[in-house]
Amino acid sequence: MKRLVTLLLSALLAVTLSSPVLAGSLDSEMATAVRFLQQNNILAGDETGNLQLDKSLTRAELAAIASRLTVNQEHLMADQKYYAGQCTFTDVPEWARVYVGYCASMYYVGGYGDGRYGPDDPVTPAAACTVLLRCCGNLVPFAWSYDTALDAAVQYGIAPREALLEEHISRGTLSILLYRTAEKLGFSMEDVEPDTGDTSDEDTASEMEQQVAELVNQERAAQGLAPLTFSADLCDGARRKSQDMHDNNYFSHDSPTFGSPFDMMSSMGIDFWAAGENIAMGYPTAEDVMEGWMNSPSHRANILSEAFTEIGVGYVDGYWTQWFVNR
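Please read all numbers here as calculations on a predicted model, not as lab measurements. (Residues numbered from 1 in each chain as written. Predicted model: local features only at pLDDT ≥ 70, side-chain atom pairs only at ≥ 80, totals over all residues. Heavy atoms only, no water.)

Enquirer: Would you explain the pattern of salt bridges in this entry?
Expert: Under the defined criterion, the tally for this structure stands at eight salt bridges. When the shortest N-O distance is used, the salt bridge between D114 and R116 registers 3.0 Å. Judged by relative accessible area, D114 falls into the partly exposed class, the value being 49%. Accessibility expressed as a relative area gives 36% for R116, which makes it partly exposed. Among the charged side chains, a salt-bridge network with shared partners connects D233, E310 and R327. (Salt bridge = Lys/Arg side-chain N within 4 Å of Asp/Glu carboxyl O. Buried < 20%, exposed > 50% of the residue type's maximum accessible area, 1.4 Å probe, protein only.)

Encoded structure:
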C-alpha cells in the first residue's frame, strides 16, 4: 500500500499537516482491508510488490479485481477461453479479456455502447459502487440504479460516505469498499494476519532505514544543503512509531499509545526546537518510499528543510517513519 503523511513543528510550535489520503477511523480500516485483500489474493501489487494505493485504477483493473473477488481463479482460468470470448469489446487488451469477459457475462460491467469498454479510463466512485453492488446481486435488499449507486453503497454499508469524494477512486479507497463487499459476500473476516514479508527481518529493516537516510542526504546534497546526522535515538523513536502503527492497525501522526509525535519525542527525552515527521505505508523499498516522499511537496519540504540537523528512520513490516529534529 502506498500512503504518505507529513508533519512539521517549527520553533514557534506551528504545526503543518498534509495528508492526501483518508484520515481518522478509515486509516485503520484501510490497513486491515489491504491485509485481508492481499491474503485472499484479491488485490495485487506491481512487479516490485507496490500496491500503489494512492493511485487511481483503470476499468480493466477493476474488472480483474472484481473477478478475483467473486470467482475462484482456478475455475476462471480453466474456462479462460470461454470468458475471453465473452469480451466483445474491441479495445480491451489481451491480458484483461478474460476478466472483462467474465464480468460482462455476469453483468458486473458494461461498455460505452459503441463497442468500446474504455479499459484505460479511470474509475469514478459511482462506477466502483455500481460494480460492487452488482457483485452483491440479490443480497442488496432494495432497488438502485447507476444514478443512485453512491447513496445505495453507503446505505448498504459497503462504502463510507467520506470515501466517495474523489473524482477518480484510488486503489486505497477501493480497498475499503472491497473489504466491506467481501464481508457481504460471506468471506471470513476473522484472523486477518499481519504482513510477514521478508523485509520484516531486523537486519534487513536496519539496512533499509540506513538507505533512506543516505538517500535523504543525496537529495539534500543535490540542493546544496548540509547532510543530516543519522541519530540512534531518533531511529529508536521512529521505529517505535512504525511498530505502534503496525501493532495497533492505524496510520496517523497521532498515536493511541504515545499521542502526537512531539509528545512521543518529549517522553523519550528528545529535546528539540524544531521537529518533523513523515510517515508512509506500503512501500517495499527505501528507493520506493523516498520517491513517494520526494514527489509530495509537503514531505519533500521536510526532507530538504534547512531547519533540521538530524534524522531517524524506522521501518516495520510496511510502515515507515522519518523523524527530523534540530536540538
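Still to come is the rest of the account.
Enquirer: Just checking my understanding: could you explain the packing of helix α6 (residues 125-136) against helix α8 (residues 171-184) for this structure?
Expert: Working note: a packed helix pair is described by the angle between its axes plus the distance between those axes. It is at 10 Å that the axes of α6 and α8 come closest, and there the two elements cross at 15°. The angle between α6 and α8 places the two elements in the roughly parallel class. Taken as a pair, α6 and α8 cross one another with a handedness that is right-handed. Side by side, α6 and α8 meet where A128, C129, L132 and C136 of the first sit next to L174, L177, L178, T181 and K184 of the second. (Axes fitted to C-alpha atoms, helices over the stretch in contact; angles between N-to-C directions. Helix = DSSP H or I, 4+ residues; strand = E, 2+ residues; numbered from the N terminus. Parallel < 35°, antiparallel > 145°, perpendicular 65-115°, else oblique. Left-handed = near helix turned anticlockwise from the far one by under 90°. Contact = heavy atoms within 4.5 Å.)

Enquirer: Looking at this structure, how should I read helix α2 (residues 59-70)?
Expert: For the α-helix, the turn length of 3.6 residues means that residues three or four positions removed from each other point alike. Taking 1.5 Å of rise per residue, the twelve residues of α2 would be expected to cover 16 Å, and the 16 Å separating its terminal C-alpha atoms lies within 8% of that figure. Most of α2 is tucked away, with nine of its twelve residues classed as buried. All buried positions along α2 are accounted for by R59, A60, L62, A63, A64, I65, A66, S67 and L69. Lining the buried residues of α2 we find α3 (73-78), α5 (94-105), α6 and α8. (Expected span 1.5 Å × (residues − 1).)

Enquirer: When you look at the state of the cysteines in this model, what are you seeing that I'm missing?
Expert: By definition, a disulfide links the sulfur atoms of two cysteine residues through a covalent bond. Under the definition given, this model contains zero disulfides. Here C135 is not cross-linked by a disulfide; its sulfur's nearest cysteine counterpart is in C103, at 6.4 Å. (Disulfide = S-S within 2.5 Å.)

Enquirer: Where do I start with the nonpolar core in this structure?
Expert: Most often, soluble globular proteins have nonpolar side chains that are buried together. Counting residues in each nonpolar core, the largest one holds 58 residues, and the members touching the most others are V100, L133 and L174. Counting residues per element, the ones that place at least two in this core are α1 (25-39), α2, α5, α6, α7 (149-156) and α8. Per-element accounting of this core gives the leading share, eight residues, to α6. If we ignore the near neighbours within four places in the chain, the residues touching V100 are A63, C87, F89, V92, V109 and Y117. In this structure, V212, M294, Y315 and W320 belong to the second largest nonpolar core, which totals 23 residues. (Core = buried A, V, L, I, M, F, W, Y, C linked by side-chain atoms within 4.5 Å.)

Enquirer: Can you walk me through the packing of α2 against α5 in this structure?
Expert: The contact between α2 and α5 brings their axes to 8 Å, and the two run at 60°. As far as their axial angle goes, α5 and α2 are oblique. Crossing hand, α2 versus α5: left-handed. Within the contact between the two elements, α2 uses A60, E61, A63, A64, A66, S67 and T70 and α5 uses W95, A96, Y99, V100, Y102 and C103. In the contact of α2 with α5, the residues fall into ten nonpolar, two polar and one charged. (Nonpolar A, V, L, I, M, F, W, Y, C, P; charged D, E, K, R; others polar.)

Enquirer: It is not clear to me how the side chain of T181 should be interpreted in this structure. Could you clarify?
Expert: Mapped onto the secondary structure, T181 falls in helix α8. The exposure class assigned to T181 is buried, which follows from its relative accessible area of 0%. Residues within four places of T181 in sequence aside, it is in contact with L69, L132, C136 and I158.

Enquirer: Would you mind showing me how to read the confidence of the model for the protein chain here?
Expert: Regions with low pLDDT carry predicted coordinates that are not meant to be interpreted in detail. Looking at the protein chain, pLDDT values average 84 and 85% of them are 70 or higher. Mean pLDDT across the elements of the protein chain ranges from a minimum in strand β2 (residues 15-18), with 28, to a maximum in α6, with 96. A low-confidence stretch, residues 9-24 stays under pLDDT 50, and its non-local contacts, those more than four residues away or across chains, total 37 contacts. The low-confidence segment residues 195-202, where pLDDT is below 50, has nine contacts with residues more than four positions distant or belonging to other chains. (pLDDT = per-residue confidence, 0-100.)

Enquirer: Help me out: how do you make sense of the packing of aromatic side chains in this one?
Expert: In this description, an aromatic ring pair is defined by two values, namely the gap between the centres and the angle between the planes. The full count for this structure, using the stated rule, is ten aromatic pairs. Ring geometry for F262 against F272: centres 6.2 Å apart, planes inclined by 50°, an arrangement best described as tilted. Of the two residues, F262 sits in helix α11 (residues 261-267) while F272 sits in the loop between α11 and β4 (274-281), which places them ten residues apart along the sequence. Ring centres of F308 and F324 lie 5.4 Å apart, and the angle between their planes is 20°; this geometry places the pair in the stacked category. With a gap of 16 residues between them, F308 in the loop between α13 (297-303) and β5 (310-316) and F324 in strand β6 (residues 319-326) connect regions that are remote in the sequence. (Phe/Tyr/Trp six-rings, centres within 6.5 Å; stacked < 30°, edge-to-face > 60°.)

Enquirer: Help me out: how do you make sense of the side chain of S170 in this one?
Expert: Positionally, S170 belongs in the loop between α7 and α8. Taking relative accessible area as the criterion, S170 reaches 9% and is therefore assigned buried. Those residues within four positions of S170 in sequence are excluded, and the remaining contacts are L53, D54, K55, S56 and L57.

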